[in-house]
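Chain and residue survey
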Amino acid sequence: MSETIIQPLTELTPAYRALVESASAATKTAYAPYSRFHVGATLLFADGSSHSGANFENVSYGLSLCAETVAMASASAAGRLKEIVAIAIAAEGELAAAITGEFIAPCGRCRQVLAEAVNICGHDIEVLMLSRDGLRVRSTTARALLPLAFGL
């Protein structure tokens, strides 16, 4: 899939709906005392299992970790990067509307991390971004999000 598709959450397959709901639930575990922008990300593996991550801020913003990076690093530590099929991203908090557009998209750094995972996987990764209202999902791919990534 290289195009972008927007659809209601209710029209996703059960597996993808569960993936997005898991990312949304992961926002509750975010440590975001500075931005109050709670982000959750959940990876879907080829065997149907999943793993979530949440952002972890630091008073020195440059040392903060995005939810996508936390999830990807955890998958790497478990030796599972090659198994990633998709990632879902969700956010909540008072600054979500100010920081993002209509859908919760990965930042540039996370797009590059996803591009590296694409190289490792040998296939593109589907990216599902939940709308701020939690009712719709925008689906695309890691390559479509960062078409001229370093190393590709």
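Residues numbered from 1 in each chain as written. Predicted model: local features only at pLDDT ≥ 70, side-chain atom pairs only at ≥ 80, totals over all residues. Heavy atoms only, no water.

**Describing the packing of aromatic side chains**
Under the definition given, this model contains 1 aromatic pair. Here the basic side chain of Arg80 rests over the ring of Phe45, its NZ or CZ set 3.9 Å away from the ring centre. (Phe/Tyr/Trp six-rings, centres within 6.5 Å; stacked < 30°, edge-to-face > 60°. Lys NZ or Arg CZ within 6 Å of the ring centre and 35° of its normal.)

**Comments concerning helix H1 (residues 14–26)**
A rise of 1.5 Å per residue sets the reference length of H1, with its 13 residues, at 18 Å; its end C-alpha atoms lie 18 Å apart and thus fit the reference within 8%. Every buried residue belonging to H1 is among Tyr16, Leu19, Val20, Ala23 and Ala26, and all of these are buried. For H1, the angular spread of the buried residues around the axis is 120°, confining them to a single face. Residues of H1 that are buried make contact with strand S2 (38–45), strand S3 (50–54), strand S4 (84–92), strand S5 (126–130) and strand S6 (136–141). (Helix = DSSP H or I, 4+ residues; strand = E, 2+ residues; numbered from the N terminus. Expected span 1.5 Å × (residues − 1). Buried < 20%, exposed > 50% of the residue type's maximum accessible area, 1.4 Å probe, protein only. Arc of directions from axis to C-beta. Contact = heavy atoms within 4.5 Å.)

**A look at the sheet that holds S6**
In spatial order, the strands read S1-S6-S5-S4-S2-S3; together these 6 strands make up an open sheet with mixed pairing. The sheet is open, and its two borders are formed by strand S1 (5–8) and S3, each paired with just one other strand. Strand-to-strand twist across the sheet, computed as the mean angle between neighbouring axes with direction ignored, equals 20°. In this fold helix H2 (residues 67–77) packs onto S2, S3 and S4, with an angle of close to 35° to the strand it touches most, S2. (Pairing = 2+ DSSP bridges. Axes fitted to C-alpha atoms, helices over the stretch in contact; angles between N-to-C directions.)

**Brief notes about the environment of Gly134**
Summarising the element assignment, Gly134 is placed in the loop between S5 and S6. Here the alpha-carbon distance between Gly134 and Ala144, two residues 10 residues apart in the chain, equals 23 Å.

**What to know about the pattern of salt bridges**
Counted by the stated rule, this structure contains 5 salt bridges. Among the ionic pairs, Arg80 bridges to Asp47, the shortest N-O distance being 3.1 Å. A residue pair is termed long-range when its members are at least 10 positions apart, and Arg80 in the loop between H2 and S4 and Asp47 in the loop between S2 and S3 qualify at 33 residues. Arg80 gets classed as buried once you look at its relative accessible area, which sits at 19%. For Asp47, a relative accessible area of 55% corresponds to the exposed category. One salt bridge in this structure joins Glu102 and Arg136, with 2.6 Å as the shortest N-O distance. Highlighted residues: Glu102 in the loop between helix H3 (96–99) and helix H4 (108–121) and Arg136 in strand S6, separated in sequence by 34 residues. It is possible to trace a salt-bridge network through shared partners that takes in Asp47, Arg80 and Glu83. (Salt bridge = Lys/Arg side-chain N within 4 Å of Asp/Glu carboxyl O.)

**Topic: H2**
Buried within H2 are the following residues: Ala67, Glu68, Thr69, Ala71, Met72 and Ala75. Its buried side turned inward, H2 meets S2, S3, S4 and H4. Gly79, located one to two residues past H2, shows a positive phi value of around 70°.

**Some details on the pairing of S3**
The sheet contact formed by S2 and S3 spans 5 bridges and is antiparallel. Bridging across to S3, Gly40 finds its partner in Ala54. Counted between consecutive antiparallel strands, the loop separating S2 from S3 contains 4 residues, among which Gly48 sits at a positive phi close to 95°.

No statement about biological role is implied by the geometric values presented.
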